[in-house]
Amino acid sequence: MTHNITLIPGDGIGPEVTNSAKSVIEASGVKVNWDIVEAGAAVIDKYGTPLPESVLESIKKNKVALKGPVTTPVGSGFRSINVALRKKLNLYANIRPVKTYKGVPSRYEDVNLIIVRENTEDLYAGIEHMVSSDIAESIKVISKKASTRIVEFAFDLAKKQNREKVTAVHKANIMKLSDGLFLKCARDVAKNNKDINFEDVIVDAMSMKLVLNPKDFDVLVMPNLYGDILSDMAAGLVGGLGFLPGANIGKDAAVFEPAHGSAPDIAGEGKANPTAAILTAALMLKYIGEIEAANKIEKAIEKVLEDKKCVTGDLGGKASTLEFTEAVIREM
Ligand code: NAI
């Protein structure tokens, strides 16, 4: 079977790392018809927007996209392309697997958790106003529909991956109505999924527990803001953003992207570490049902990182993006 997938190379190191991911997917034996489309700061002059309509059309048609990081223009009036993509395609679940790899410096071993972040509401609904010249207000929106949907997603994911526990993160002791509703929805969903363990933890305690013993956690599900903060914190547990894949998933489309940014400081120099982009490719392959190829890619990455013989500068090695990619392909 040939899969139709939209490829958005993005800005900065985006084209380099997505090209690595594309080569690794092709070497894994999975057949893909790539629809390569342009988005990002670099195409504003060409299209008058960083997110041309043709990009959205391509994703709507193919339903799956692999995306490189894009530079968010500062102060030019454009909103984040990533936020726009999530909103326009209703990509309600943000997924970030957080895992330690031998060879990647980290204070912990054997961390293997997934953060499931609600992507559409909470304080990110963008409802803000000035009450007076000295007082600003942001409105936190939590709905039963979005909360139930994201917790159900977390339980489904836990089942698919044979995981044991879902932890709902909240601050319902203080925000009794908004986070209280999220927690009630989580408990209701948990009642229908008794085969998976369930617990809830208040976000501040969660931050401490994650740092003290990240191995205690499996699938974490939470509203938007806590997810934004804890997913970057969790990245710090396993060596930083450079090793984390990511996905934004909705009912009708999914956009897969590494967690790191466009790294303009090293763009075009062949120095970028493509690990996160390649792991993102593996995550995408799992989503489209190519489990065997995805596992093969993950094992090859693990081996190359552990070996340390052919790693990029950020890991103290001398390999270029291309050399690292070739090492992963050889290992497969
Ligand atoms: P960044 O992640 O691009 O870079 C931070 C540091 O990490 C830099 O020193 C960079 O060289 C290094 N780095 C990042 N990825 C690397 C890789 N794969 N290999 C080796 N080194 C790597 O974050 P920064 O500088 O805050 O953002 C740069 C631009 O990227 C901004 O315009 C930001 O808005 C955008 N961005 C886009 C994202 C996306 O499209 N998903 C996510 C995060 C940032």
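All values reported here derive from a predicted model rather than from experimental measurement.

*Asks:* Any chance you could break down the domain arrangement of the protein chain for me, citing the residues and the numbers?
*Replies:* Domain annotation for the protein chain reports domain 1 (1–96 + 241–332) and domain 2 (107–237). Centre-to-centre separation of domain 1 and domain 2, based on C-alpha positions: 25 Å. Contacts between the two partners involve 13 residues from domain 1, matched on the other side by 17 residues from domain 2. Buried surface at the junction of domain 1 and domain 2, summed over both partners, amounts to about 1,300 Å²; 52% is from carbon and sulfur atoms. When the area that domain 1 buries against domain 2 is broken down by residue, the three leading residues are Y92, N94 and R96, summing to 50%. Counting across the interface, domain 1 meets domain 2 through 1 salt bridge. Here R96 ties to D232 by a salt bridge, and the two come within 2.9 Å at their closest N and O atoms. For the interface between domain 1 and domain 2, the tally reads 7 residue pairs in polar contact (both at pLDDT 80 or more). A per-element tally of the side of domain 1 that touches domain 2 places strand β4 (residues 93–99) first, with 4 residues.

*Asks:* Go over the packing of helix α7 (residues 203–212) against helix α8 (residues 224–237), please, and point to the residues and values.
*Replies:* Close contact between α7 and α8 brings their axes to 10 Å; oriented N to C, the two are set at 10°. The angle between α7 and α8 places the two elements in the roughly parallel class. In this structure, α7 contributes V203, M206, S207, L210 and V211 to the contact, and α8 contributes Y226, L230, M233 and L237. Across the contact of α7 with α8, the residue classes break down as 8 nonpolar, 1 polar and no charged.

*Asks:* Summarise the site of the ligand; cite the residues concerned and give the values.
*Replies:* Lining the immediate surroundings of the ligand are 18 residues, of which V70, G261, A263, D265 and N273 lie closest. Between the ligand and E257 there is a distance of 3.3 Å, counted from a nitrogen atom to a side-chain nitrogen or oxygen. Bound to the protein, the ligand loses 64% of the 810 Å² it would expose on its own. When the residues that make up the shell around the ligand are grouped by side-chain class, the tally is 8 nonpolar, 7 polar and 3 charged.

*Asks:* Just give me the short version of the sheet that holds strand β10 (residues 219–222), but keep the residues and values in it.
*Replies:* The pairing of strands in a sheet comes from backbone hydrogen bonds and takes either a parallel or an antiparallel form. Strand order across the open sheet formed by 10 strands is β2-β1-β3-β12-β11-β4-β5-β10-β8-β9, with mixed pairing between neighbours. Both edges of this open sheet fall to β2 (31–36) and β9 (197–202), since each of them pairs with a single strand only. Direction aside, neighbouring strands of the sheet carry axes that sit 25° apart on average. Both strand β5 (residues 112–118) and β10 contribute to a ladder of 4 bridges, which runs parallel. Bridge pairing links R117 to M222 in β10.

Cut-offs applied
Residues numbered from 1 in each chain as written. Predicted model: local features only at pLDDT ≥ 70, side-chain atom pairs only at ≥ 80, totals over all residues. Heavy atoms only, no water. Domains from an automatic or database assignment. Contact = heavy atoms within 4.5 Å. Buried area = accessible area lost by both parts, 1.4 Å probe. Salt bridge = Lys/Arg side-chain N within 4 Å of Asp/Glu carboxyl O. Polar contact = N/O pair within 3.5 Å; in protein donor to acceptor, adjacent residues only side chain to side chain. Helix = DSSP H or I, 4+ residues; strand = E, 2+ residues; numbered from the N terminus. Axes fitted to C-alpha atoms, helices over the stretch in contact; angles between N-to-C directions. Parallel < 35°, antiparallel > 145°, perpendicular 65-115°, else oblique. Nonpolar A, V, L, I, M, F, W, Y, C, P; charged D, E, K, R; others polar. Near = heavy atom within 4 Å. Areas by Shrake-Rupley, 256 points an atom, 1.4 Å probe, with all protein chains shown as cover. Pairing = 2+ DSSP bridges.

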